[in-house]
Amino acid sequence: MRYADPSANRDLLGNRTLLFIFICAFALVTLLQQILYGRNYIKRGLQFGWQSGDQLSNWTGLFNVTDDPAVQSGSDSSSRYFEFYEGPFEYNSTRCLELRHEILEVKVLSMVKQSELFDRWKSLQMCKWAMNISEANQFKSTLSRCCNAPAFLFTTQKNTPLGTKLKYEVDTSGIYHINQEIFRMFPKDMPYYRSQFKKCAVVGEINSADFVFRCNLPPISEKYTMDVGVKTDVVTVNPSIITERFHKLEKWRRPFYRVLQVYENASVLLPAFYNTRNTDVSIRVKYVLDDFESPQAVYYFHPQYLVNVSRYWLSLGVRAKRISTGLILATAALELCEEVHLFGFWAFPMNPSGLYITHHYYDNVKPRPGFHAMPSEIFNFLHLHSRGILRVHTGTCSCC
């Protein structure tokens, strides 16, 4: 007669017990993280782009004249993942010179591990930031020679006369003949001039801003206004959004018009001459606003400006099929503003503290793989920050 082993059906510190212990430990760590840090996800800016298939990307753009960053939805004093510490170290102190050098000595992103770059950036937050006027002026002078946003950011009657055979940005073999009807849609000249704004922010979302530039119809409903505000001066629209959400404006147009009304009298900016597919749908936006007697102006990026900006950043190591709209707007801001501040610019799935963050402040939709080179872009921004050319804010706050 066989006797059953009384411990045969027990899981004495076996797989099931170990799994249970692991789950409990994970739950405890998660609970502590929630208590210490609040939300697990920081709500970032939009990364915007207008190419087909990338309606929503990682940056939200705006120019403003405030030092208050606003990048996290529902942020509060207990959830400061990107704490910007205005520490005791002055900008030109020996320690701060060393910390900036630690960033600048990394010539290419592949030289260091991502975690090491994060550590260096966090250490630099102990230093106050100051604009290096000579460095900034030299950089802006370079942009003026290569790109000249005050003259060529938008397609105007002055830079694109009647009868011009306009080359597309991407479809270089394509030519658009500027006839009288299209010519009348263009502003006579650029509405902004060099260093018009004293202090600008790209991507901040603050109602007290001097100038707000938002991208790709980002939601500014009550759910987000505490962090992103509602004030808007220019809103960009990716034509792929119009194609997919509004049926190319070939059917009902009122839904699109109502979306634009959320931004009140903000001007609308589109890449009509990015490629041939964008032109007709972008021009229809002008017709829609005219039909509804809207006071909102419609502008189109000048394709040669976009080509020049892309070439410039390629020379600095940003190799991608297309640079992000955030980089384009930051580049323009450096010419249009005396001092530039960036809010919400980050390009990694985790913040420097190792916490996961979403791709947009309202969803986690990512662009097509390989289309942008976001880590390379933010790497360049960190360099510009360290050189005193612009300031990258990675703190938290609410708007206004």
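For the structure itself, consult the block above.
What you see is a predicted model; the values in this text were computed from it and never measured.

Engineer: Please clarify how the packing of helix 9 (residues 254-261) against helix 10 (residues 276-291) should be interpreted in this entry.
Structural biologist: What describes two packed helices is the angle between their axes and the distance between those same axes. Where helix 9 contacts helix 10, the two axes come as close as 10 Å, and the packing angle between them is 80 degrees. On the basis of their axis angle, the class for helix 9 and helix 10 is roughly perpendicular. Every residue of helix 10 that contacts helix 9 at Phe 256, Tyr 257 and Leu 260 is listed here: Val 285, Val 288 and Leu 289. Of the residues in the contact of helix 9 with helix 10, the class split is six nonpolar, no polar and no charged.

Engineer: Can you walk me through the sheet that holds strand 6 (residues 267-270) in this structure?
Structural biologist: Each strand in a sheet pairs with another by means of backbone hydrogen bonds, the pair being arranged parallel or else antiparallel. If you walk across this open sheet you meet the four strands as 4-5-6-7, and the pairing is parallel. Looking at which strands have only one partner, the edges of the open sheet turn out to be strand 4 (213-215) and strand 7 (298-300). When strand polarity is set aside, the average angle formed by the axes of neighbouring strands in this sheet is 25 degrees. Judged from the three bridges that link them, strand 4 and strand 5 (residues 234-236) form a sheet pairing that is parallel. Residue Cys 215 lies in a different strand from strand 5, and its bridge partner there is Thr 236.

Engineer: Hey, could you run me through the nonpolar core in this one?
Structural biologist: General note: in soluble globular proteins, nonpolar side chains tend to be found buried as a group. Formed by 61 residues in total, the largest nonpolar core has its most connected members in Leu 153, Tyr 305, Trp 313, Leu 342 and Phe 381. Counting 36 residues, the second largest nonpolar core, distinct from the first, contains Leu 217, Leu 260, Phe 273 and Val 288.

Engineer: I'm lost on the side chain of Thr 236 in this one. Help?
Structural biologist: Along the chain, the position of Thr 236 falls in strand 5. Note on Thr 236: relative accessible area 2%, which makes it buried. Beyond its immediate sequence surroundings of up to four residues, Thr 236 is in contact with Phe 213, Arg 214, Cys 215, Asn 216, Leu 217, Leu 269 and Phe 301.

Engineer: Got a minute to help me understand helix 4 (residues 133-146) in this structure?
Structural biologist: Helical periodicity: at 3.6 residues per turn, an α-helix aligns residues three or four positions apart in one direction. With 14 residues, helix 4 extends 20 Å from end C-alpha to end C-alpha; this agrees with the ideal 20 Å at 1.5 Å per step. Along helix 4, the positions that sit buried rather than exposed are Ala 136, Phe 139, Lys 140 and Leu 143. All buried residues of helix 4 project into a common sector of 100 degrees when viewed along the axis, lining one side. Those residues of helix 4 that are exposed and aimed more than 90 degrees away from the buried face are Ser 134, Gln 138 and Arg 145. On its buried face, helix 4 is in contact with helix 11 (303-315), helix 12 (325-336), strand 8 (337-343) and helix 13 (374-386). Of the residues one or two after helix 4, Asn 148 is the one with positive phi, at around 60 degrees.

Engineer: I would appreciate a short explanation of the sheet that holds strand 8 in the present structure.
Structural biologist: Pairing is parallel across the open sheet formed by three strands, whose spatial order is 3-8-9. Of all the strands in the sheet, just strand 3 (197-202) and strand 9 (391-393) have a single pairing partner and so form its edges. For this sheet, the mean angle separating the axes of adjacent strands, direction not counted, is 25 degrees. One ladder, built from five bridges, connects strand 3 with strand 8; its direction is parallel. Its bridge partner being in strand 8, Cys 200 is matched across the sheet by Val 340.

Engineer: Is there a simple way to explain the state of the cysteines in this structure?
Structural biologist: Here, the word disulfide means a covalent bond between the sulfur atoms of two cysteines. All chains considered together, the criterion is met by three disulfides. Each sulfur of the disulfide joining Cys 96 and Cys 127 lies 2.1 Å from the other. Here the disulfide of Cys 96 and Cys 127 is left-handed, its torsion about the S-S bond being about -105 degrees. Highlighted residues: Cys 96 in helix 2 (residues 94-104) and Cys 127 in the loop between helix 3 (114-124) and helix 4, separated in sequence by 31 residues. Accessibility expressed as a relative area gives 4% for Cys 127, which makes it buried. A sulfur-sulfur separation of 2.4 Å characterises the disulfide bridge that pairs Cys 146 with Cys 147. In this structure, the disulfide formed by Cys 146 and Cys 147 twists by about -70 degrees around the S-S bond and is classed as left-handed. On the basis of relative accessible area, Cys 146 is assigned to the partly exposed category, the value being 24%.

Calculation notes
Residues numbered from 1 in each chain as written. Predicted model: local features only at pLDDT ≥ 70, side-chain atom pairs only at ≥ 80, totals over all residues. Heavy atoms only, no water. Axes fitted to C-alpha atoms, helices over the stretch in contact; angles between N-to-C directions. Helix = DSSP H or I, 4+ residues; strand = E, 2+ residues; numbered from the N terminus. Parallel < 35°, antiparallel > 145°, perpendicular 65-115°, else oblique. Contact = heavy atoms within 4.5 Å. Nonpolar A, V, L, I, M, F, W, Y, C, P; charged D, E, K, R; others polar. Pairing = 2+ DSSP bridges. Core = buried A, V, L, I, M, F, W, Y, C linked by side-chain atoms within 4.5 Å. Buried < 20%, exposed > 50% of the residue type's maximum accessible area, 1.4 Å probe, protein only. Expected span 1.5 Å × (residues − 1). Arc of directions from axis to C-beta. Disulfide = S-S within 2.5 Å.

By themselves these figures say nothing about function.
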